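Here is what each chain is made of, one letter per residue.
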Amino acid sequence: MQKLLVQGGYRLNGEINIGGMKNSALPVIYATILVKDECILENIPRVSDIDNSIEILRQMGAYCEFIDTHTLLINTKNLSSEINGFELISKMRASSYLMGTMLARFGKAYLPMPGGCNFGKRPIEQHIKGFEHLGAKCIEDNGFINITTNKKLKSNKITLDKISVGATINIVLASIFLDGLTIIENSAMEPHVDDTIRFLNMCGAKILRCKSRIYIEGVKALHSSRYRIFPDMIESLTYMTFLGICGGDITLVGVKYEHIKYVCDIFKKMNFNIDTYEDEVRARVNEQVEGANIITAPYPLFPTDLHPQFASLLCFSSTGGTIRDDVFPTRFAYAKELEKMGANIERIENSIKIYPSKIHSATLDATDLRAGAALVACALGAQGESIINNVNYIVRGYEDIVGKVTSLGGKIKIIKET
Ligand code: EPZ
């Protein structure tokens with residue numbers, strides 16, 4: 001296993017490129033299953049969830065090659081109707097998009113229940129509700145899901161009981177070729193949902209969003225396209241939390257400000273100076289940040305994927321604050337790691353209260369992707385040298401975090417387990 005070695009106490013200054021959005025690139029990669037032709041996808045982040053998804057498609061007969069560092073060519077013309085790569089599938093949440101795509105293309109899908117970050121239950125009943133409303137039969141058996149249809153699927157109106165990114169995307173994918181109009185009510189509005197819709201429409205699909213309602217008019221087939229993935233809003237916001245802890249002056253290049261405006265408005269109230277130009281955001285922090293109280297919620301409000309990193313930021317703030325996670329109420333595994341660094345924390349159900357803390361270095365264990373980013377954040381502000389184990393979690397979603405932090409003046413490096 002690899003570890004990160006972080007020497008805290010250095011300000012961050014300079015410019016970094018923000019990569020493509022992992023949580024868009026993943027559904028778009030699986031959506032190429034619906035295009036029996038060549039697709040070229042630009043701004044694909046080089047992170048392990050992407051590599052694993054490419055490997056799953058390759059094992060099913062797709063042709064997938066990077067034609068440059070971040071541009072991926074995929075052709076699923078010869079894809080098998082049988083899903084392969086069960087071990088990889090059970091490690092990732094994004095592999096759940098095999099359900100909607102294989103159902104749409106082959107009328108069936110048999111695969112392990114999807115995995116994903118281990119911060120609590122990851123149910124899929126909303127996905128199943130959608131598939132069954134379209135006429136599919138879904139049976140969960142011994143850790144596997146078997147989706148079949150004994151007749152052609154039919155378009156329908158589906159009202160989701162919970163706002164779910166994955167279920168919204170999966171129902172869009174499953175309904176692409178259905179005669180008539182499928183309507184999804186109470187759909188997720190995250191940018192990665194609309195990124196996937198834009199890709200599908202570039203390939204000839206007919207999908208329209210009106211606020212939280214999505215209309216999908218069935219088409220006969222999709223054609224090849226070249227598509228550029230949106231920039232990663234969570235990567236941008238994660239580096240802003242690093243800045244808030246370390247102080248300094250950084251410019252993030254290749255950002256869609258509209259995707260991060262809600263959180264940046266909170267940062268501004270915390271003493272961040274933030275200026276935006278076209279696709280760049282410059283942020284400066286010259287004094288200790290103020291505290292804040294936040295509640296996570298579906299887009300466009302505060303994203304749950306920034307919760308752990310924001311908790312680290314509050315440790316260094318002048319007044320601390322509270323975080324209530326209404327999306328993933330048990331996403332608090334990072335808290336005990338922050339306490340190892342001296343964080344003064346109180347846990348109350350799905351909330352955490354963080355007091356201004358005197359943070360020192362420690363040896364830490366990353367427990368999931370965003371918790372790992374939170375530990376990097378805290379270590380960058382801690383006095384002394386910290387070690388972070390289980391780097392594999394962090395590289396799932398942050399391309400070249402060592403190179404980017406180092407280029408900004410942070411002291412961080414990967415060391416091999418001795
Ligand atoms: C996506 O997960 C992201 N993952 C998550 O990011 C992100 O935290 C989440 O959306 C919320 O924004 C990917 O895109 C690969 P949901 P997803 O379905 O689709 C409940 C990261 O760090 N729910 O929107 O699984 C669910 O338990 C990862 O990049 C049901 O109850 O999230 C949660 O409480 C972590 N039943 C809420 O809805 C269902 O059938 C939102 O989940 C589906 C979801």
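Residues numbered from 1 in each chain as written. Predicted model: local features only at pLDDT ≥ 70, side-chain atom pairs only at ≥ 80, totals over all residues. Heavy atoms only, no water.

Draft legend 1. Quick look at the layout of surface pockets. By volume, the largest pocket amounts to about 1,200 Å³. Around the largest pocket, the lining is made up of 47 residues, and of these R122, V165, G166, V327 and F328 lie nearest the centre. Elements with a minimum of two residues in the lining of the largest pocket: α1 (22–31), α5 (125–133), α6 (165–175), α8 (233–246) and α12 (369–381). For the lining of the largest pocket, the per-class residue count stands at 23 nonpolar, 11 polar and 13 charged. Split by domain, the lining of the largest pocket shows at least three residues from each of two domains, domain 1 (2–16 + 232–416) and domain 2 (24–228). In this structure, the second largest pocket encloses a volume near 340 Å³. As for the second largest pocket, its lining consists of 18 residues, of which I18, N43, R228, P231 and G254 are closest to the centre. Of the residues contributing to the lining of the second largest pocket, the split by class is six nonpolar, six polar and six charged. Of the residues that make up the lining of the second largest pocket, three or more belong to each of domain 1 (2–16 + 232–416) and domain 2 (24–228). (1 Å grid on protein atoms, 1.4 Å probe; cavity = no way out; pocket = protein on both sides within 12 Å on 5 of 7 lines; lining within 4 Å. Points joined across faces, edges and corners; volume = space filled by probe spheres on them. Helix = DSSP H or I, 4+ residues; strand = E, 2+ residues; numbered from the N terminus. Nonpolar A, V, L, I, M, F, W, Y, C, P; charged D, E, K, R; others polar. Domains from an automatic or database assignment.)

Draft legend 2. Expanded view of the sheet that holds strand β21 (residues 363–365). Reading across the sheet, the four strands line up as β21-β22-β1-β23 and stay open at both edges, with mixed pairing between neighbours. At either margin of the open sheet sits one strand with a lone partner, and together these are β21 and β23 (411–416). Averaged over neighbouring strand pairs, the angle between their axes works out to 25° when direction is ignored. Judged from the six bridges that link them, strand β1 (residues 2–7) and β23 form a sheet pairing that is antiparallel. Among the inter-strand pairings, Q2 is bridged to a residue of β23, identified as K416. Across the sheet, α12 touches β1, β21, β22 (385–389) and β23, and the angle it forms with β22 is around 170°. (Pairing = 2+ DSSP bridges. Axes fitted to C-alpha atoms, helices over the stretch in contact; angles between N-to-C directions. Contact = heavy atoms within 4.5 Å.)

Draft legend 3. Spotlight on the packing of α5 against α6. Here α5 crosses α6 at 20°, and the two axes come no closer than 8 Å. Between α5 and α6, the angle falls in the class roughly parallel. The interaxial crossing formed by α5 with α6 has right-handed handedness. For the pair α5 and α6, contact is made by Q126, H127, G130 and F131 and by G166, A167, N170, I171 and A174, respectively. (Parallel < 35°, antiparallel > 145°, perpendicular 65-115°, else oblique. Left-handed = near helix turned anticlockwise from the far one by under 90°.)

Draft legend 4. Structural view of the packing of α1 against helix α4 (residues 97–106). Running from amino to carboxyl end, α1 crosses α4 at an angle of 25°, the nearest separation of the two axes being 9 Å. It follows from the interaxial angle that α1 and α4 lie roughly parallel. Between α1 and α4 lies a crossing whose hand is right-handed. Counted together, P27, Y30 and A31 of α1 and Y97, L98 and T101 of α4 form the full contact between these two elements.

Draft legend 5. Structural view of the pattern of salt bridges. If you walk through the whole model with that rule in mind, you get 22 salt bridges. Note that R282 and D249 form a salt bridge whose closest N and O atoms lie 2.5 Å from each other. Residue R282 is located in strand β16 (residues 280–285), and its partner D249 is located in strand β14 (residues 248–253); the two are separated by 33 residues in the primary sequence. We note a salt bridge from D326 to R324, for which the minimum N-O separation is 2.6 Å. Overall, the relative accessible area of 38% leaves D326 in the partly exposed class. Judged by relative accessible area, R324 falls into the partly exposed class, the value being 34%. A single network of salt bridges, built from pairs that share partners, joins K336, E337, K340 and D365. (Salt bridge = Lys/Arg side-chain N within 4 Å of Asp/Glu carboxyl O. Buried < 20%, exposed > 50% of the residue type's maximum accessible area, 1.4 Å probe, protein only.)

Draft legend 6. Local environment of the site of the ligand. Within the structure, the ligand sits among 22 residues, and R93, S164, V165, D305 and V327 are positioned closest to it. Here an oxygen atom of the ligand sits 2.7 Å away from a polar atom, N or O, in the side chain of R93. In this structure, V165 approaches the ligand through a main-chain N or O atom, which is 2.7 Å from an oxygen atom. Here the ligand, which alone exposes 820 Å², has 93% of that area covered by the protein. (Near = heavy atom within 4 Å. Polar contact = N/O pair within 3.5 Å; in protein donor to acceptor, adjacent residues only side chain to side chain. Areas by Shrake-Rupley, 256 points an atom, 1.4 Å probe, with all protein chains shown as cover.)

Draft legend 7. The side chain of D195, seen in detail. Locating D195 in the fold gives a position in helix α7 (residues 191–202). Here D195 falls in the buried class, since its relative accessible area comes to 0%. Of the polar contacts made by the side chain of D195, one reaches the side chain of Y227; its length is 2.4 Å. If sequence neighbours within four positions are ignored, D195 has contacts with S24, V28, Y227, R228, I229 and F230.

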